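Descriptive analysis of the structure
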Amino acid sequence: MPAVTPRAAAVPALATAAALLLCSCSAGAGTDPHQNSTAAKSGRRLTAALGTAEDSRGPAPKVPGAREGGTLTIANPVDYTHLDPQKIYAGEAYSTSLLWGRQLTQYQVIDGRPRLVGDLATDTGTSSDGGRTWTYHLKDGIAWEDGEPVTAQQVKYGIERTFAPGFEAGPTYWPEWLTGSQDRTEAVKKYGGPKKDGDFEAIETPDDKTIVFHFPEPQSDVPYMAAQSSSSPVRADKDTGTGYDVRPFATGPYRIVEHKQNKSLTLERNPHWKPATDPIRHAYPDRFAFTFGKAVLNTAQEVFNGQGSGPTTLTTKGTLPPELISTVERDPVKRTLVVSGSQGAYTSDLYIKNDRVTDPEVRKAIHYVFPRQQARQVLGGQYAGDFATTLSSPAVVGWKKYDLYPVAPTGDIAKARDHLARARTKVTKLTYAYPVYSAQDDQVAQVLADAFAKIGVELVVKGLQPAAFDAEVFRNDAPYDLWLSTNSVDWPTPSTLLPDSFESHLDPLSNSIRYANPRVDAELARIAKIGDARKKAAELIGLEETVMKDVPVVPFLYKSVSQFRGKDVGGAAIHPIYGATAAVDLYLENA
Amino acid sequence: MTRYLLKRVAQAAAVLLAITALAFALFYAAPSDPALIACGPRCDTAQVEAVRASMGLDRPLLAQFLDYAGGIVTGRTIADVDGTPIPCPAPCLGYSYTLHQPVLAAIADRLPVTVSLAAGALTVIVVLGVGSGLAAALRRGRPTDRLLSGFSLLGASVQIYFLGYVLQFLLVYTTGLVPLPRYVPFAAHPAQWALGLLLPWLVLGFVNAAVFARLTRSQLLETMHHGYVRTARAKGLGTLRAHLKYTARGAAGPLVQLLGLEVGALLGGAFITETVFGLGGVGKLAVDAVNGNDLPTVVGTVLLAAFFVVVFVAVADVVVAWLDPRVRLA
Amino acid sequence: MAAVSMTQVFRRDRVGMVSLAVVGFFVLLAVTAPLITALYGKNPTEHYGQNETGLLSPEGLPVLPNGGISAEHWFGIEPGLGRDVLAQLLHGIRTSLLIAFASAAVVAVVGVAVGVTAGYLSGLVDRAFTFVCNVLLAFPALLFLLTLGPVVQTRFVGPEESEPAWMQFTVLILVFSAFGWVPLAMVLRTVVRSLREREFVEAARALGASRRHIVFRELLPNVWAPVLVHLTLAVPAIVTTEAALSFLGVGINEPLPDWGRMISRGSEVFYDDPTYMVFPGVSLLVFVLAFNLLGDAVRDALDPHTVR
C-alpha cells in the first residue's frame, strides 16, 4: 500500500481554486459620472400630428444608407404572448407585428417624429354627425399573402372579433365605443362577437372598399384607435381560433413561414405586398429570424463582442442589462451599439390598492418613504429613466409639470413617519406583489422592504410567477396593497389614461387600484361628451392634478429604454410611440 | 436470456406507469389553476368554469389520469380553451395551452439540442473518465495517478454553474479560444455544430467524468488483484494483454450500469448546463414550463426524463447480463 | 474494538485529518456567524451600498476595484443592493449546513429503517421496496424540486404572509430526504441480506431470539459503517443541490443569505464584477472538496481492505 494516497492530489485542485481567485481582479465601476452617458433623456414630447391623404400614399421614405437583402436575427428573451392581431396589446408587439400586419391607420416615423397616416385606409378617417360617425376607404392594391384582396368586410370581421370570448387580452375601446358601454364586460352583453351574434350593425360596409363606424356617443380618438393592432383585418376562412394566435395570415411586407413557440419565428418576404401602397413599412432584409428563450445577458455578450451571429443580431424586447452598463460605457465602439430612447409615453408608478389602503395619510406616507433612487439604481440608474412627479408622461399631448408633494429621490423617512402617525388606524404591515422576471425584481422588493422597515411597517413581499401575476393581483379581492407597474396612454392624447384607469365603475383589470372618487367620476362623464380632441385633452390634463391629490399611485419614472444591435444592423432606433426598436426600418449593412 | 429480457421489460413498464401516475397526481393536484391563466384576468367565474370544463379539468382526477395514460398508448383528441378539438396522436403527452401545441411536438423541437449536448458530453465522459481511470490504475501510486485522481476529485466537487461561467469568461470573452456556445443543427453545418457546443461538452463532460474515473480506477484495481489475472500473468501473458483480456471484462459491469444511468439522465435534459450556456433544449423547456405554470409540459418533460432513465438502465442491465451470465440467473 | 482501529487508521491519514479540519472550520464559522459578524460590525441584510454614498455607481456596481473590497468591507459588496459579501457568505454557510445536516439526519433514520427492514424481511416487502426504489431513482428529482417549491408556497402560505423561514427549510429538508434515503437503503439492504445468513444471526435465531431482537441487537450495530460513509458523502451533495435550486431561482427566498443565490447573482454581474461570484463559488468548491475527501477518508478507515 503506498504511503501517500492519491487524495494528496487535492493540492493541485486547491491551487486551481486559488488561480481562479486571482483571475477575479476587476476594475470597479469607478466614480466617473458618465458625462457622455448613452442613456437617453426620457419623456421626449410627442406630437399628435395627423397626416393628410397625400402623406398616406406609399412608398415610405427611404432610410438613408439602407440596403436590401440578408437575414436579420432578432434575439428576444421570450416569445410573444399573442400574435393574433386582436389579442396583441403591448408596445413592442405593436411595433414588431407591423412586419406582417397592417391596420386602418398607422404611425409613419421620419427622423424620430411620428405622424399618423392612413395605412390600409386612404387617410386617417373622416368624421360626421359631431364625431358619432367615422368613415374609412381602403386603398387599391392591398392583398393578403395568398394574393386575395383585403376587403372592408375583413376589417369589420377583425374588429368584431374583439367582442368575442377569448379576446379579453386586447384593448377594450372598440367594444366600449361601438356599444356606448362603460367597460368591456358590459359591451359584450350587447354584442358577443361574430361566432355568437353574427353581423354587427354598428359597423357598416356599403361596398368592399368602404367601412363606416356608428358610435352612440361622440368619439374624438378614432384615428388613433384605427392604428391599434385590433384594427387589423382578419379573413374568416383563415380564422383558426386559438391557432391564429400562433400564425396569423399576413398583409404586411413579410409572412410567417414557421413559428415554433418559445423557440423561433421565421419571416420571409410576402410577394403580394406592394411598397407603393405602404407609407410606413420598409422591407430591407430578405428574412427575419426571431429566436426566443436566450437570456438577455448571453445575447448582449454575443452582440457586443461580435461573436457568432452577433453582428447581424438585435433585440426588440431585451434591454441592456444593468450589469453591462459600465463595460459598455467604457468602450467607445460598444457604446455605438446601444439603441436608446424614451420609451414612448410610458411611466412607471408604485400602484396602491386604494380600497385596501383607504387612508390618504397612509398613501402619503408611502409616497414619502418610497426610495426612488435606490430602486432606480437596481434597475440601471439613469438608463431606467428620469424621476417622475406626474401621472402622465411629458410625452403626452398637453402635458403640464406639477409636483404636489415634493420629496428627495432617496425618500423622506421623517415626513413618512409624520403622515403615518396621522393615520386613523395604525398600519404595521403592507403587502407588495411583483412578477419575478429576473433577480432585479427581487432586489427592488428588498429595497422597498428595507425602506418600509424604517417607518415601522413590515412589507411582506410576494414574488409571483409572471404568467400568474395578472390573474393573482388584478382581482377584486386580491390581498396585495402595492405593486410596481408601467402604464401608458395608448396613443399620444391623454384620453385613454384617466377614463380607462381611474373611473370607479371599471373592472379590476382596468381600474386595478380600485380608485373611486365621485367628483372625478362626474368630471370624466362630462369630459367624455366632448367631441373636440384638443379641448378634451386640455380638460383631462387639468383633471389629473385633482386625481393625484388623493395619491392613488406614487409616480416613479418616465421610462427610458436601452436596447442593443449588432454592428452590421442599420436603421435601429426606438419607435417614438411603441418604445422598442422599430423593426420596419432595419437593414443589414453588409447584405 | 429471453426470459431475463422479458422480465426486465415488464419491470421497466411497471416503473414507468407508476411514475406517470405519480407525476400526474403531484402536478395536477397543484393549486395553481391552468384554466384561470388560460382565460386571463378579465374572465369572470362563469367563464373560468367554462374554460375548465372545455379543458376537462372539472372531471375527477382519476378519469383525467386514465385519459392521459390512454392517450400515451392510443392517442386522443384534446379540447382547446375555446372547445376546438385538437388531434393528439400517440404517444400523446398532453397539450400545452401556453405553447398552443402538443407537448410531444414541443419536446421534439428541442430534443436535437439535448441529444447533441448529451452525445458530446458522453464522448468526453467516456474518453476522459474511463481513460484517466485506466491510466491512474496502471500507474497506481505514481505522480500520474495522483494528478489524475486529483483532477477527478476536483471534477466531482466543482459545480457547473460556477465552472461554466468561469470557463466562459476565460476561454470565450478574455482569450477567444473557444466560440460562444450556441446551437447550430448538425445537418446545417457539422463544424459549427461541434464548435458551438464545445464548451458545454467539456464542462458537462469534465464534471460527470469524475465519477467514471474513480469507478474505473477502483474496479480495475479490484480485478487486477483477483486470482485469474494473476494466473494469466504467471502464465506469461503480457501485462497489457492481461489487462485487456481479463481485467476490462471483469470491471465493465458497474461501468456499463453507471453509463446507462448517465445516458438516461443526460437525455432527460441538462437543466443547469442549458441555463448557464443559454441553450434551448428539453431542460430549458422544462424550466420555462415550471416558471410559466405550464403543467402539461412539466408532466411531459418529467415523463420523458424518466422514460430515458428507465430505458437506458434496463439496456445497461441487459448488457451486463450478457457479459456476465451469473446476473441473469440470479 | 472496530471503533478504536478505525480512529487509528483515520489519524494516520493526513489528507483525511486536513479535510476534517476544513470541515470543522466551516461548521465553526456557521455556528459563530452572528458573533463574527457582530465583531466585524456588519450584518448580512443591511443595504450598505445603497444607504451610504460612494460605494456603488449609479448603475449599482461597486465603485472600488475588485468588487468593492475595502477596509470596511473585506470581501467587497454585493452589486445592486450593496450588502456586505463577507457577512452574507458567513450567514450563507448556516443556511446550507442547517439544511444539509437536517436532511442527512432524516435520510439516516428513514434509510436505516427501510433498508434494514427490506433486507431482513425479503419476499414481498423486498419486492415492493425494489419497485419503489426504481421509481424514485428514475424520477427526475431536480425537476420535481423546481415544481414543488411554488406549489407548497401557494398551498400552505396565505397570500398576505411571507413564507416563514422554518417552512422553507422544512420543505427543502423533506424533499431532499424523499429522494435521499433510496441509495442508503439499497446499500443497507444488501449488507443486511448478507449478514442475516452469517453465523451469529443464525445462532441468535436458533436460540429463539425474536425478530425484533435480531434486527435491533444483531443487525443494526453492524450497519453503522456504511451509514457513516453514505452520510459524509450525502452532505456535500445536498449542499450543492440546494445551491443549484437557488441558482435556478427556487431555493431559499430573500433576504435569507444563500450561496446558490449569490452565485446566481454573480453569474449576472460576472463580466463586470467577477469578484462577487468568486467568493461564494470558491467557498462552495472548497467546502465540497473537503467533505468529499473526508468521505473518502472515512471509507478507507472503516474498510481498510479497499484497494487504493
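Predicted, not measured: the structure shown is a model, and the values here were computed from it.

Each helix and strand counted, chain A has 18 helices and 19 strands in total. Taking 2.2 N^0.38 as the reference for a compact globule, 591 residues should give roughly 25 Å; the C-alpha atoms of chain A span a radius of gyration of 26 Å, in line with that estimate. Each principal axis of the C-alpha atoms in chain A carries an extent, and together these give about 95 × 65 × 50 Å. Within the span of chain A, comprising 591 residues, buried residues form 62% of the whole. Considering only contacts within chain A whose residues lie at least 6 apart along the sequence, 75% involve residues at least 24 apart.

Residues and elements named next belong to chain B. Together, Met 1, Leu 5, Val 315, Val 319 and Trp 322 line one region of the surface with nonpolar side chains, adding up to about 460 Å² of accessible area. The dominant element in the nonpolar patch, judged by the number of residues it contributes, is helix α13 (residues 295-323), at three residues. Following the sequence through the fold, Leu 5 ends up in helix α1 (residues 2-28). By relative accessible area, Leu 5 is classed as partly exposed at 38%.

This next bit is on helix α4 (residues 61-74) of chain B. Residues and elements named next belong to chain B. The end-to-end C-alpha separation of α4 is 20 Å, in line with the 20 Å expected for 14 residues at 1.5 Å each. Buried residues belonging to α4 abut α1, β1 (76-79) and α13. Looking one or two residues beyond α4, the residue adopting positive phi is Gly 75, at roughly 80°.

Using the criterion set out here, one finds 48 aromatic pairs over all chains in the structure. Ring plane angle 65° and centroid distance 5.0 Å describe the contact between Phe 370 of chain A and Phe 556 of chain A, whose orientation is recorded as edge-to-face. Of the two residues, Phe 370 of chain A is situated in the loop between α11 (360-369) and α12 (372-378) and Phe 556 of chain A in strand β17 (residues 553-564); the sequence distance between them amounts to 186 residues. The pair formed by Phe 370 of chain A and Phe 556 of chain A is uniform in burial state, with each residue classed as buried. Between Phe 24 of chain B and Phe 65 of chain B, the ring centres sit 5.5 Å apart and the planes meet at 55°, which makes this aromatic pair tilted. Here the residue Phe 24 of chain B occupies a position in helix α1, and Phe 65 of chain B occupies one in helix α4, the gap between them amounting to 41 residues. The class of Phe 24 of chain B is buried, set by a relative accessible area of 3%.

The next subject is the packing of helix α6 (residues 123-138) of chain C against helix α8 (residues 165-196) of chain C. Residues and elements named next belong to chain C. Closest axis-to-axis distance for the α6/α8 pair is 10 Å, and the angle between their directions is 145°. The element α6 and its partner α8 pack so that their crossing is left-handed. Residue-level inspection shows Asp 126, Phe 129, Thr 130, Val 132, Cys 133, Leu 136 and Leu 137 of α6 in contact with α8, the latter providing Ala 178, Phe 179, Trp 181, Val 182, Ala 185, Met 186, Arg 189 and Arg 193. A per-class count over the contact of α6 with α8 returns eleven nonpolar, one polar and three charged.

Our focus in this paragraph is the nonpolar core. Core analysis: the largest hydrophobic core is formed by 173 residues, its most contacted members being Phe 304 and Leu 320 of chain A together with Tyr 161 and Ile 272 of chain B. The residue makeup of this core includes at least three contributed by each of domain 1 (2-104) and domain 2 (108-294 + 305-329) of chain B. Residues within four places of Tyr 161 of chain B in sequence aside, it is in contact with Ile 272 and Val 276 of chain B together with Thr 240, Ala 243, Ala 244, Phe 247, Ile 263, Met 277 and Leu 284 of chain C. Listed in part, the 64 residues of the second largest apolar core include Leu 83, Tyr 136, Trp 177 and Ala 250 of chain A.

Moving on, we get to the state of the cysteines. All names here are of chain B. Using the criterion set out here, one finds one disulfide over all chains in the structure. With its sulfur 2.2 Å from that of its partner, Cys 88 forms a disulfide with Cys 92. Taking the sign of the torsion about the S-S bond as the criterion, the disulfide between Cys 88 and Cys 92, at about 100°, is right-handed. Here Cys 88 falls in the buried class, since its relative accessible area comes to 4%. What makes Cys 92 buried here is its relative accessible area of 1%.

Residues and elements named next belong to chain A. Taken as a whole, helix α17 (residues 518-528) has its buried residues at Val 520, Asp 521, Leu 524 and Ile 527. Axial view of α17: buried residues confined to an arc of 130°, hence all on one face. Across α17 from its buried face, at more than 90 degrees, point the exposed residues Pro 518 and Arg 519. The elements touched by buried residues of α17 are α16 (498-501) and α18 (533-549). Its side-chain oxygen at 3.1 Å from the backbone nitrogen of Arg 519, Asn 517 defines the N-terminal cap of α17.

Okay, the sheet that holds strand β6 (residues 203-207) of chain A next. Picture the strands of a sheet paired through backbone hydrogen bonds; they go either parallel or antiparallel. Residues and elements named next belong to chain A. The sheet built from four strands is open, its strands ordered β4-β5-β7-β6 with antiparallel pairing. The open sheet is flanked by β4 (126-128) and β6, the only strands paired with a single partner. Strand-to-strand twist of the sheet, defined as the mean angle between neighbouring strand axes without regard to direction, takes the value 25°. Helix α3 (residues 152-161) contacts β6 and β7 (210-214) of the sheet and is inclined by roughly 170° relative to β6.

Between chain C and chain B, the residue contacts involve 38 residues of the former and 44 residues of the latter. Where chain C meets chain B, there are one salt bridge. Two residues, Arg 214 of chain B and Asp 296 of chain C, come together in a salt bridge whose shortest N-O distance is 2.8 Å. For the pair chain C and chain B, the interface holds four residue pairs in polar contact (both at pLDDT 80 or more). At the level of elements, α6, α7 (141-156), α11 (224-247), α12 (259-269) and α13 (275-302) of chain C are the ones that each hand at least two residues to the side of chain C that touches chain B. Counting residues per element, the side of chain C that touches chain B draws most heavily on α13 of chain C, at twelve residues. Here the residues of the side of chain C that touches chain B sort into 27 nonpolar, seven polar and four charged.

Our next topic: the sheet that holds strand β9 (residues 264-269) of chain A. All names here are of chain A. Spatially, the five strands line up as an open sheet ordered β8-β9-β10-β1-β11, and their pairing is mixed. Strand pairing shows two members of the sheet lacking a second neighbour, β8 (254-260) and β11 (313-314), which therefore form its edges. Pairing between strand β1 (residues 71-76) and β11: two bridges, direction parallel. In the strand pairing of β11, Thr 73 is matched with Thr 313.

Helix-helix packing is described using two parameters, namely the angle between the two axes and the distance between the axes. Residue and element names in this part refer to chain B. Put simply, α1 and α4 touch, their axes get as near as 11 Å, and they point 135° apart. The pairing of α1 with α4 is recorded here as oblique in orientation. Considering how the two elements wind past one another, α1 and α4 form a crossing that is right-handed. Across from Thr 20, Ala 21, Phe 24, Ala 25 and Tyr 28 in α1, the residues of α4 making contact are Leu 61, Gln 64, Phe 65, Tyr 68 and Ile 72. Its residues placed into classes, the contact of α1 with α4 shows eight nonpolar, two polar and no charged.

Residue and element names in this part refer to chain A. Mapped onto the secondary structure, Thr 315 falls in the loop between β11 and α9 (325-330). Judged by relative accessible area, which is 1%, Thr 315 ranks as buried. Among the polar contacts listed, one links the side chain of Thr 315 to the backbone nitrogen of Gly 318, at a separation of 2.8 Å. Setting aside anything within four residues of it in sequence, one finds Thr 315 in contact with Ala 75, Asn 76, Pro 77, Gln 563, Phe 564 and Thr 581.

Analysis parameters
Residue indices begin from 1 for each chain and proceed along its sequence in written order. Chains and ligands are labelled sequentially in the order written, the chains with letters from A and the ligands with numbers from 1. Restriction of local features to residues with pLDDT of at least 70 applies here, the model being predicted, together with a cutoff of 80 or more for giving and counting side-chain atom pairs; totals for whole chains, interfaces and linings are based on all residues. To get the side-chain values, take all heavy atoms of the structure and skip hydrogens and water. For the purposes of this entry, the term helix denotes a DSSP run of H or I that reaches at least four residues, the term strand denotes a run of E that reaches at least two, and both are numbered from the N terminus. Computation of the radius of gyration draws on C-alpha atoms alone. For the globule rule, the value is 2.2 Å times the number of residues to the power 0.38. Relative accessible area decides the class of each residue, using a 1.4 Å probe on protein chains only: under 20% of the type maximum gives buried, over 50% gives exposed, and in between gives partly exposed. The contact criterion used is simple: two residues touch if any of their non-hydrogen atoms lie within 4.5 Å. In this scheme, patches are assembled from residues that exceed 30% relative accessible area and form no salt bridge. Like charges are connected within 9 Å, while nonpolar side chains (Val, Leu, Ile, Met, Phe, Trp, Tyr) are connected within 5 Å. Areas reported as accessible are Shrake-Rupley estimates using a 1.4 Å probe. Residue values count occlusion only from the protein chains shown. Definition used for salt bridges: Asp or Glu carboxyl oxygen within 4 Å of a side-chain nitrogen of Lys or Arg. Here a helix's expected span is defined as the number of its residues, less one, multiplied by 1.5 Å. What counts as a ring pair is set by centres within 6.5 Å for rings of Phe, Tyr and Trp (its six-membered ring), and what kind of pair is set by the plane angle: stacked under 30 degrees, edge-to-face over 60, tilted for all other angles. What counts as an axis is a line fitted to C-alpha atoms, over the stretch in contact for a helix, and the angles between N-to-C directions run from 0 to 180 degrees. Crossing handedness: left-handed means the near helix sits turned counterclockwise from the far one by under a right angle, and right-handed means the same turn made clockwise. In the scheme used here, Gly and all other residues not listed as nonpolar or charged are polar, with Ala, Val, Leu, Ile, Met, Phe, Trp, Tyr, Cys and Pro taken as nonpolar and Asp, Glu, Lys and Arg as charged. Nine residue types can take part in a nonpolar core, namely buried Ala, Val, Leu, Ile, Met, Phe, Trp, Tyr and Cys, and a core is a set of them joined through side-chain atoms within 4.5 Å. Throughout the structure description, domain borders are defined by an automatic or database domain assignment. What counts as a disulfide here is a pair of cysteine sulfur atoms lying within 2.5 Å. As used here, the arc belongs to the directions running from the helix axis to the C-beta atoms. Here a polar contact means two N or O atoms within 3.5 Å. Within protein one must be a hydrogen donor candidate and the other an acceptor candidate, and residues neighboring in sequence count only if both atoms are side-chain atoms. For two strands to be treated as a pair, DSSP must find at least two bridges joining them. Our angle categories are set so that under 35 degrees counts as roughly parallel, over 145 as roughly antiparallel, 65 to 115 as roughly perpendicular, and the remainder as oblique.

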